[in-house]
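Below, each chain spelled out in residue letters.
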Amino acid sequence: MLSLATLLALPLVLVLYFLWTFLLLLFRQARSPLRHLPGPPSASLFMGNLPELHHQENTGLVARWADTYGLAFVYRGFMGGRRLMLVDPVSVNYVMSRGYDYPKPDFVRDSLASMSAGYEGLLTAEGDMHRKQRKILNQAFSAAQVKSFTPIFWEKAIRLRDIWLDVTASPQSFSTPADPLTTQDANRAADADPEPASSNTLSPSALTTSYLPNPFSSFVPSKASPRFPSTIKSRHAPLGTIESSNSPCRLDVLPWLARATLDVIGAAGFGYAFNSLEAAAERRESESELARAFAVIFGTARKFRVMTVLQVWFPVLRNFRTENAAMRQATATMRKIGMELIEQRREPVLAKTQEMAHESEKRSCIEGDKTVLGRDLLSVLIRSNAAEIPTERMSLNETLCQISTFLAAGHETSSSSLTWTLYALSRNPVVQTKLRAELRSLPVPPSLSFDSSCASPSSTDDMDPYSDFFDRIIHLPYLDAVVRESLRLFAPITTTMRVAGTDDVIPVSAPLIDRRGRTCPEIRVRRGDIISIPIQALNKSKEVWGDDAEVFRPERWTHGRKEKDEGGCGRRSAVQGLWGNMMTFGGGNPVNGNRSCIGYRFALSEIKIFLYVLVRDVEFSIDPAIEIEKKVNVLTRPSVKSEPHRGNQMPLYIRRVPLLDVGETGARI
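One structure accompanies this document, and this report is about it. (Residues numbered from 1 in each chain as written. Predicted model: local features only at pLDDT ≥ 70, side-chain atom pairs only at ≥ 80, totals over all residues. Heavy atoms only, no water.)

1. A look at the packing of aromatic side chains
Counted by the stated rule, this structure contains 20 aromatic pairs. On the numbers, 5.9 Å between centres and 75° between planes, the contact of W164 with F620 is edge-to-face. Taken together, the residues W164 in helix α9 (residues 150-169) and F620 in strand β10 (residues 618-621) connect sequence positions 456 residues apart. For the pair formed by W164 and F620, the shared burial category is buried. Relative to F585, the ring of W579 has its centre 5.7 Å away and its plane inclined at 75°; by these criteria the two rings are edge-to-face. Taken together, the ring pairs in this structure connect F141, F149, F153, F406 and F602 into an aromatic cluster. Over the ring of W545 we find R488, and its NZ or CZ is 5.3 Å from the ring centre. (Phe/Tyr/Trp six-rings, centres within 6.5 Å; stacked < 30°, edge-to-face > 60°. Helix = DSSP H or I, 4+ residues; strand = E, 2+ residues; numbered from the N terminus. Buried < 20%, exposed > 50% of the residue type's maximum accessible area, 1.4 Å probe, protein only. Lys NZ or Arg CZ within 6 Å of the ring centre and 35° of its normal.)

Quick look at the structure:
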């Protein structure tokens, strides 16, 4: 039993702790070597420049600041804390190549951990744990392994295309929902939709079907849904027999693509059937148990809380985190299903590994495995763990964290990239037509099925005869250029943050002039200094990509090195990205710690297969009067500027492109 004196002293101790911590922070800021660097004035004592930066993807704020203050400058964060912004390629290369010297700040790891249900996933692990996980998981994302996933990409792309063509074949009016993250009462009010969708100037018969919510923000059974075409014709009928009005139909492509990529990562990653596309197409009220659980976790992680900000400055507050009942239940559900998935794989995987232990195939049991164990990520993860020495195996909690980590990272980034690519093609019909011509110039094997009801082979080996066809899709030159240009202009992750793990000196491409007028040949940082890397601003640098850096022009990738040199792209001015002199997938020259995207091959193959199937048969356009904005909340999502109440959406007009003669295109899809 605490004495009265102790109880009275506790508030005083807490006040003294917060006051002392705050004074230490102020003292640290006053002595920081960053205090001499130039930068914009702080707009707010508490929020600093953060409100301005929240909309910078639509305003080009970082580029303007770089023009004014140089390629390395300081802006203000919470409580006026100084943060270093690096737009200098040399400085960026230095920081991004040293992932363990410059880890993610604690508040970033906290946010990511809330989405991946723990701190032991690949996105949140640091140091030796991350090094071990990266070594194991690299085997699961090798070129040969990713190649084995292409039949799954193909199957889901075909199904999505068929659903979209069903929509164009049975045009009806639908209402557009409000923000799916609002309360149930708000959702019910939004269902009334005081402004029903109507025809657009593109076509008097163009009707809207923009109703489907995002799969990870709307798995709420009580949410009412507008009507959907009563028949799913392509499920049972060849594509060529589907009748179509051939008039543009308005469709919100964002949630459909999110559902398709969710199905992909479920099947390719863990052998788990979300059936998210089918649930939406058939208007089922119920979703899979795992999807509902992840919806709660992911939705909670996106919410902004003042407590999260205070925990940055007062770490002791992290010991008082609480979870509501829904969050606890969702976490328990994810753990239960994860355990079930692991147990289903463990025994046959370990048995097969022992069988192969004394065979010459041992070294290739991961790469390109064709056994009955399956080639999904979870099977490969368990098999690779069994192949490693005990000290290098992942714990059970680490393995469970990978499930939620790759569910989040594996579907949201791909769906975002596909959505923005279709948007870019809608704004550039000439590029879209040129791309479609290339796609249709690649003959489709006549024996390859294109009916979504039978697109899934009985085993992955059934698709091996078509591996050459899939390879040719991946290497189509103009398709590759379109994907590169889209990922350059519309990076799913627009900014990444790092924190100096120790006192260090960061090199620069050219000396800086500080506030005192002194020349600085380098940037000094102290342990704990936060560094921002504006990925999107780097991808749009005019010094690298030329005066048309903000223009969607795939041809810049098709004319070889000469075109890039003429546009201003040189090795000294370009960042050393993992892919295409861009930071979209992270740094590509690790010195101490590789934090680049481990699944970039997976993402590129998935995006290209989907574009091949969709753009080949569907024409995409957009109302020229609509202004699309970027909304950043972990990832960059689209929103209609005049319809903020509707949340994230990408309303495009889709129209079936008439099939050409077989002699011109090979087999009909």
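2. Let's talk about helix α19 (residues 467-474)
In an α-helix, one full turn covers 3.6 residues, which means residues spaced three or four apart are oriented alike. Of all the positions in α19, only F469, F470, I473 and I474 are classed as buried. Projected down its long axis, α19 shows its buried positions confined to an angular sector of 140°, all on one face. If you follow the buried residues of α19, they end up packed against α9, α20 (477-489) and α24 (600-617). (Arc of directions from axis to C-beta. Contact = heavy atoms within 4.5 Å.)

3. Some remarks on the environment of T413
Residue position: T413 is located in helix α17 (residues 396-427). Counting along the chain gives 152 residues from T413 to T261, while the straight-line C-alpha distance between them is 9.1 Å. When neighbours within four sequence positions are excluded, T413 is seen to be in contact with P492 and L635.

4. Focus on the sheet that holds strand β1 (residues 72-76)
The mixed open sheet is built from four strands, whose spatial order is β1-β2-β7-β4. Where the open sheet ends on each side, the last strands, each with one partner, are β1 and β4 (496-499). Put simply, the sheet's adjacent strands are angled 30° from each other on average, direction ignored. The sheet contact formed by β4 and strand β7 (residues 530-533) spans four bridges and is antiparallel. From the neighbouring strand, T496 faces β7, where its bridge partner is I533. Along the sheet face, helix α4 (residues 61-69) touches β1 and β2 (82-86) and points at about 120° away from the line of β1. (Pairing = 2+ DSSP bridges. Axes fitted to C-alpha atoms, helices over the stretch in contact; angles between N-to-C directions.)

5. So, the pairing of β2
Taking burial as the measure, the five residues of β2 include five buried ones, the bulk of the element. On β2, burial covers both faces: R82, L84 and L86 on one face and R83 and M85 on the other are all buried. If you look at the hairpin formed by β1 and β2, you'll find five residues sitting between the two strands, and M79 has a positive phi there, around 55°. Strand direction decides the pairing type here: β2 and β7, joined by three bridges, are parallel.

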